Amino acid sequence: MAGRNLSGGSARLAVAGDQLSGELVRTVTELALGNRYVLLDVPYGGDTLANQLRREYGVSLLLSPTRQQMEEADVLVLFAARTDLRRRDPAVLRLYDEAAPLPPLLLPPVLEGQMPPGLCRPQLLAVLVESGVLRPGQITVGTAES
């Protein structure tokens, strides 16, 4: 989002999946807490998640968006393939294809130099976030070229 100069107050983020998995729920929760417009397209369970987020955090989701609304999203997070969408040029993060390489997780340069070599980077960053050593905002998602 930063690379496209999108703000959490105006960017439209769409999340689509074929089931309401734990990863999808965590992703939608994090996105909804930091962004105003989050669209959720799942076949079932979305209403329960939306009610929980509204009750616990006071945030709302747009459930079952139209195909046009999905196509107009600025950022598209896919937990399942969506070949029906004719997207203009959103940032797309495909999380369903385990064969595709994930974009790198980046830290600010001052912290990057402190990372020990040879460890599983995503696992280490997850532990550092969970233990409170790193804040989620300190980690950014790079591009495939990074």
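Residues numbered from 1 in each chain as written. Predicted model: local features only at pLDDT ≥ 70, side-chain atom pairs only at ≥ 80, totals over all residues. Heavy atoms only, no water.

1. Re the sheet that holds strand S1 (residues 12-16)
Across the sheet, which stays open at both edges, the five strands sit in the order S3-S2-S1-S4-S5 with parallel pairing between neighbours. The open sheet has two edge strands with one neighbour each: strand S3 (62-63) and strand S5 (91-94). Where S1 lies against strand S4 (residues 75-78), four bridges are found, and the strand directions are parallel. The partner of Ala14 across the bridge, within S4, is Leu76. The strands touched by helix H1 (residues 22-34) are S1, strand S2 (37-41) and S4; relative to S1, the strand with the most contacts, the crossing angle is about 170°. (Pairing = 2+ DSSP bridges. Helix = DSSP H or I, 4+ residues; strand = E, 2+ residues; numbered from the N terminus. Contact = heavy atoms within 4.5 Å. Axes fitted to C-alpha atoms, helices over the stretch in contact; angles between N-to-C directions.)

2. Concerning the nonpolar core
Judged by nonpolar contacts, the single largest core of 18 residues is most densely connected at Val15, Leu24, Val28, Leu40, Leu53 and Leu61. At the level of elements, S1, H1, S2, helix H2 (46-57) and S4 are the ones that each hand at least two residues to this core. The element that contributes the greatest number of residues to this core is H1, accounting for four residues. When near neighbours in sequence (up to four residues on either side) are disregarded, Val28 contacts Val15, Leu40, Leu49, Leu53 and Leu61. Counting residues in each nonpolar core, the second largest holds eight residues, with Ala14, Ala16, Leu76 and Leu78 among its members. (Core = buried A, V, L, I, M, F, W, Y, C linked by side-chain atoms within 4.5 Å. Buried < 20%, exposed > 50% of the residue type's maximum accessible area, 1.4 Å probe, protein only.)

3. Examining the pairing of S1
Among the five residues in S1, four count as buried, and that is most of the element. Pairing of S1 with S2, which is carried by five bridges, proceeds in the parallel orientation. Across the sheet, residue Leu13 finds its bridge partner in S2, namely Val38. Read from S1 through H1 to S2, the crossover connection turns out right-handed. (Right-handed = clockwise from strand over helix to strand, strands pointing away.)

4. As for the pattern of salt bridges
Tallied over the full model, the rule gives six salt bridges. Among the salt bridges present, the one from Arg12 reaches Glu72, with a minimum N-O distance of 3.9 Å. Of this pair, Arg12 sits in strand S1 while Glu72 is found in the loop between helix H3 (67-71) and S4, placing the two residues 60 residues apart along the sequence. Here Arg12 falls in the partly exposed class, since its relative accessible area comes to 30%. By relative accessible area, Glu72 is classed as partly exposed at 31%. Counted as one network, the salt bridges with shared partners bring together Arg12, Glu72 and Asp74. (Salt bridge = Lys/Arg side-chain N within 4 Å of Asp/Glu carboxyl O.)

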